[in-house]
Amino acid sequence: MFAYHLIQIINLGNSQRGTVVRRLTSASNRLNEEGPHSYRVHAKPLPGNSGIGLDRFLAAQRLDIQQRHEQLFTENSLEKIRQWNELKEGFELSDNKGATQKFIFEEELAAYKKLRYESKPAKLLEAVFKGITTCHQINPSFGEKVFFEFPLENPHFEPINCTIEFDDTALRPVFDEEEWKFFKTINKINTPFEKNMMRETKERIEIYLQPGDVLFVPFIYDAFYFPSDHFSMYSTKVVFRRWDTNEPLAILDLHIHRRSYLLQHAVTFICETSGNWEKQLLLPPMARDRRVNSVRCSDPSVKVSIRNATLQQIIGFTTYSGDTNDRRTFLLMMYTDHYQTRLLATWKVTILPFFNVDVRSIVGQTTRLHLLVHRRR
């Protein structure tokens, strides 16, 4: 007796499809005469939208991890650990090497199977997060600002609210519309401009996304706040989450490679110790006759100001001078715009405090004076 198979595709609803296999024998070749046991249905949901599939996968993995946690950390777990420790202490190597090797092999195999089974959810989650992660690399020098936009897409068929999470003080979103337009103009970026795209509260930053919408979220990285505990490279992450379910929608993996800055001038000033120090410096003509519109100092205790005197510009310094050993050095960054983006020049300023000694004597007579000099530690 011969058997034939007829395969049909049927819709099961909710974006699911199934496969129906009919078994036809030689005794019953007509479709309406097969028996009830000649049907076999194989059905499984097909992957729909990437975002919805991701939500289902994350929910399933959370349930799997929770079940594994309950299996491992039950009330009998401590008792099993105690029994295993007693078994190891009471086990002695016998003369039968085959039994000893078999015992060790079985224990290692059980531990390997357990580790492999427990690491599967973690590996799957790593693969999923890798699929929603976008890497971006920038190369700023000290004092520069780097502007970039991150395309954020809503893969769902419903509008959602998205939150932004980051913990780097040098990175910030651009909320000011005029500042955003300025950065788009100088960087020659022609992406769409959205008004009131982000809303900042005390707790979080929110973005509203329409179904299938793509928004270009603007960011500024200020290399002036580069962490001092890092070398020339480090990375930080920005996570975009759904506000209602707190599930990750997209991840920005930002790699920062800092370049060395170019020093134009070095200036040294000598001042008295333990007192307020004020100095005004006349700026020389800049390259291409450019004007300095804003100034920043690497030392927060130094107050820097700039003023225009007809065709010349004057920079003023105000700080407190320490002892003779307190040699202070800081960097002065000058910019051509008030957003402090275009770095025009970088100067190095050094302050050397000294003792002011007032000596009164008569001409032609020898005078002795005790001068106390502190040595550098």
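Quick caveat, the model's predicted, so the values are computed rather than measured.

Engineer: What should I look at first to understand the sheet that holds strand β18 (residues 328-335) in this one?
Structural biologist: What holds strands together in a sheet is hydrogen bonding between their backbones, with the strands either parallel or antiparallel. What the four strands build is an open sheet, ordered β13-β19-β18-β15; its pairing is mixed. Two strands lie at the open edges of the sheet, namely β13 (265-272) and β15 (294-297), each paired on one side alone. Adjacent strand axes in the sheet meet at a mean angle of 25° when their direction is disregarded. When β13 meets strand β19 (residues 343-354), the two strands line up parallel, connected through eight bridges. From the neighbouring strand, Thr 268 faces β19, where its bridge partner is Thr 350.

Engineer: What should I look at first to understand the packing of aromatic side chains in this one?
Structural biologist: Geometrically, a pair of aromatic rings is defined through the distance of the ring centres and the angle of the planes. Going through the model one piece at a time under the given rule, you end up with 15 aromatic pairs. Look at Phe 150 and Phe 240: their rings are 4.9 Å apart centre to centre, the planes differ by 5°, and that puts the pair in the stacked class. Of this pair, Phe 150 sits in strand β5 (residues 145-153) while Phe 240 sits in strand β11 (residues 233-242), and the two are 90 residues apart along the sequence. For Phe 150, a relative accessible area of 4% puts it in the buried group. For Phe 240, a relative accessible area of 0% corresponds to the buried category. When the ring of Phe 219 is compared with that of Phe 240, the centres are 6.4 Å apart and the planes differ by 75°; the resulting orientation is edge-to-face.

Engineer: Just checking my understanding: could you explain helix α4 (residues 177-186) for this structure?
Structural biologist: Residues spaced three or four apart along an α-helix point in a common direction, a consequence of the helix completing one turn every 3.6 residues. All buried positions along α4 are accounted for by Glu 179, Trp 180, Phe 183 and Lys 184. Viewed along the axis of α4, the buried residues span an arc of 135°, placing them on a single side of the element. If you follow the buried residues of α4, they end up packed against β5, β7 (171-173) and β10 (214-222). Between the side-chain oxygen at the start of α4 and the backbone nitrogen of Glu 179 there is a gap of 3.4 Å, and the oxygen is on Asp 176. In the stretch just after α4, Lys 188 is the one whose phi turns positive, near 55°.

So, how was this worked out
Per chain, the residues get numbers from 1 upward, laid out in the order the sequence is written. Only residues with pLDDT of at least 70 are given local features in this predicted model, and only at 80 or more are side-chain atom pairs given and counted; all residues enter the totals for whole chains, interfaces and linings. To get the side-chain values, all heavy atoms of the structure are used, and hydrogens and water are removed first. Any two strands between which DSSP finds at least two bridges are classified as paired. In this description a helix means any DSSP run of H or I spanning at least four residues, a strand means any run of E spanning at least two, and both kinds are numbered starting from the N terminus. Where helices are involved, their axes are fitted lines through C-alpha atoms of the stretch in contact, as for all axes, and angles between N-to-C directions lie from 0 to 180°. Pairing of aromatic side chains here covers Phe, Tyr and the six-membered ring of Trp, requires ring centres within 6.5 Å, and sorts the geometry by plane angle: under 30 degrees stacked, over 60 edge-to-face, intermediate tilted. Note on classification: 1.4 Å probe, protein chains only; a residue is buried when its accessible area is under 20% of the maximum for its type, exposed when over 50%, partly exposed between these limits. By definition, the arc is the one covered by directions from the helix axis to the C-beta atoms. Any pair of residues with heavy atoms lying within 4.5 Å of one another is described as a contacting pair. Counting of polar contacts relies on pairs of N or O atoms within 3.5 Å, with two restrictions inside protein: one atom must be capable of donating a hydrogen and the other of accepting it, and residues adjacent in sequence are counted only when both atoms are side-chain atoms.

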